[in-house]
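Breakdown of the fold
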Amino acid sequence: MPMLLKGSCRCGAVRFEVQSHTPAPYQLCYCSICRKQQGGGGYAINLGAMNDTLKIEGRENLGVYRAEIQDDEHPACETSTGERNFCTRCGTALWLYDPTWPELVHPFASAVDTDLPIPKERTHLMLKYKANWVEPAIADGDKAFDVYPEESIADWHKRTGMWVE
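Quantities reported herein were computed from a predicted structural model and do not represent experimental measurements.

Cys-9, Val-14, Leu-62, Leu-94, Trp-95 and Val-105 are the most contacted members of the largest nonpolar core, which has 24 residues in total. Looking at this core, the elements with two or more residues in it are strand S2 (15–20) and strand S11 (93–97). At three residues, S11 tops the list of elements feeding residues into this core. Those residues within four positions of Val-14 in sequence are excluded, and the remaining contacts are Gly-7, Ser-8, Cys-9, Ile-56, Glu-57, Gly-58, Asn-61, Leu-62, Cys-87 and Leu-94. Counting residues in each nonpolar core, the second largest holds ten residues, with Cys-29, Cys-31, Ala-44 and Leu-125 among its members.

Let us look at the pairing of S2. As paired strands, strand S1 (residues 3–8) and S2 are joined by six bridges and run antiparallel to one another. The residue of S2 that forms the bridge with Ser-8 is Arg-15. One ladder, built from three bridges, connects S2 with strand S6 (residues 55–57); its direction is antiparallel. The residue of S6 that forms the bridge with Arg-15 is Glu-57.

Another aspect to go through is the packing of aromatic side chains. Counted by the stated rule, this structure contains three aromatic pairs. The interplanar angle of 5° and the centroid separation of 3.8 Å between the aromatic rings of Tyr-26 and Trp-156 together place this pair among those described as stacked. In this pair, Tyr-26 sits in the loop between S2 and strand S3 (27–29) while Trp-156 sits in helix H2 (residues 153–159), placing the two residues 130 residues apart along the sequence. The class for Tyr-26 is buried, based on a relative accessible area of 2%. Considering the side-chain rings of Tyr-30 and Tyr-43, the 5.5 Å spacing of their centres and the 55° angle between planes classify their relative orientation as tilted. On the criterion of sequence distance, the pair formed by Tyr-30 in the loop between S3 and helix H1 (32–38) and Tyr-43 in the loop between H1 and strand S4 (44–45) is long-range, its members being 13 residues apart. Accessibility expressed as a relative area gives 30% for Tyr-43, which makes it partly exposed. Sitting over the ring of Trp-163, Lys-158 keeps its end group 4.5 Å from the ring centre.

Moving on, we get to the sheet that holds strand S12 (residues 104–107). Spatially, S5-S12-S11-S10-S7 is the arrangement adopted by the five strands of the open sheet, whose pairing is antiparallel. Each end of this open sheet is capped by a strand with a single partner; those strands are strand S5 (49–50) and strand S7 (62–65). Here S11 runs beside S12; their pairing, made up of two bridges, is antiparallel. Paired with Leu-96 across the strands is His-106, a residue of S12.

Between side chains of opposite charge, a pair can form as their charged atoms come close. Overall, the coordinates contain two salt bridges when judged by the stated rule. Of the charged contacts in the structure, one is a salt bridge between Arg-159 and Glu-121, with a shortest N-O distance of 2.5 Å. Note that Arg-159 is positioned in helix H2 and Glu-121 in the loop between S12 and strand S13 (123–125), a separation of 38 residues in sequence. As a salt-bridge pair, Arg-159 and Glu-151 come within 2.7 Å of each other at their nearest N and O atoms. Taking relative accessible area as the criterion, Arg-159 reaches 42% and is therefore assigned partly exposed. The class of Glu-151 is partly exposed, set by a relative accessible area of 24%. Each of Glu-121, Glu-151 and Arg-159 takes part in salt bridges that share partners, so that together they form one network.

Once that is clear, we can look at the side chain of Gln-27. By secondary structure assignment, the location of Gln-27 is in strand S3. There is a polar contact of 3.3 Å between the side chain of Gln-27 and the side chain of Tyr-26. Not counting chain neighbours up to four residues away, the residues in contact with Gln-27 comprise Ala-44, Ile-45, Asn-46, Thr-123, Leu-125, Pro-149 and Ile-153.

Procedures and definitions
- Residues numbered from 1 in each chain as written.
- Predicted model: local features only at pLDDT ≥ 70, side-chain atom pairs only at ≥ 80, totals over all residues.
- Heavy atoms only, no water.
- Core = buried A, V, L, I, M, F, W, Y, C linked by side-chain atoms within 4.5 Å.
- Buried < 20%, exposed > 50% of the residue type's maximum accessible area, 1.4 Å probe, protein only.
- Helix = DSSP H or I, 4+ residues; strand = E, 2+ residues; numbered from the N terminus.
- Contact = heavy atoms within 4.5 Å.
- Pairing = 2+ DSSP bridges.
- Phe/Tyr/Trp six-rings, centres within 6.5 Å; stacked < 30°, edge-to-face > 60°.
- Lys NZ or Arg CZ within 6 Å of the ring centre and 35° of its normal.
- Salt bridge = Lys/Arg side-chain N within 4 Å of Asp/Glu carboxyl O.
- Polar contact = N/O pair within 3.5 Å; in protein donor to acceptor, adjacent residues only side chain to side chain.

Laid out in structure tokens, this is it:
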């Protein structure tokens, strides 16, 4: 059975729960969107979950942010299809949903209240866009990428034996 993740915003106006086969907080994203929206340590950690299991209390307190992207890979400014959901009362970043992959939702590990499994290794991605003051703690066995790895969140969990049936 997938793991039940329960989460909330800082003020408690929004609470959610969702089922996840991929609950290990292993993937650290250093892009400016993740870092500035909710990554105080210079990165954010997104989990994977099944969108059709997402239950929300306090939906009326949700806001959605769609980032504008312009960088080396996107020379012309474009609006992301990713919908970053947050609490309009306290500003807590809660999850990312992208209609490109409608079966998935990506809760931010920082908003999850459930104890999460400890990853066996970490993947550091979008290092090309990290802030100059950030010194990633890349341990032996970790993987590091200038942009995105080819390995998906699901594939990583399966390879490392952390997939939750």
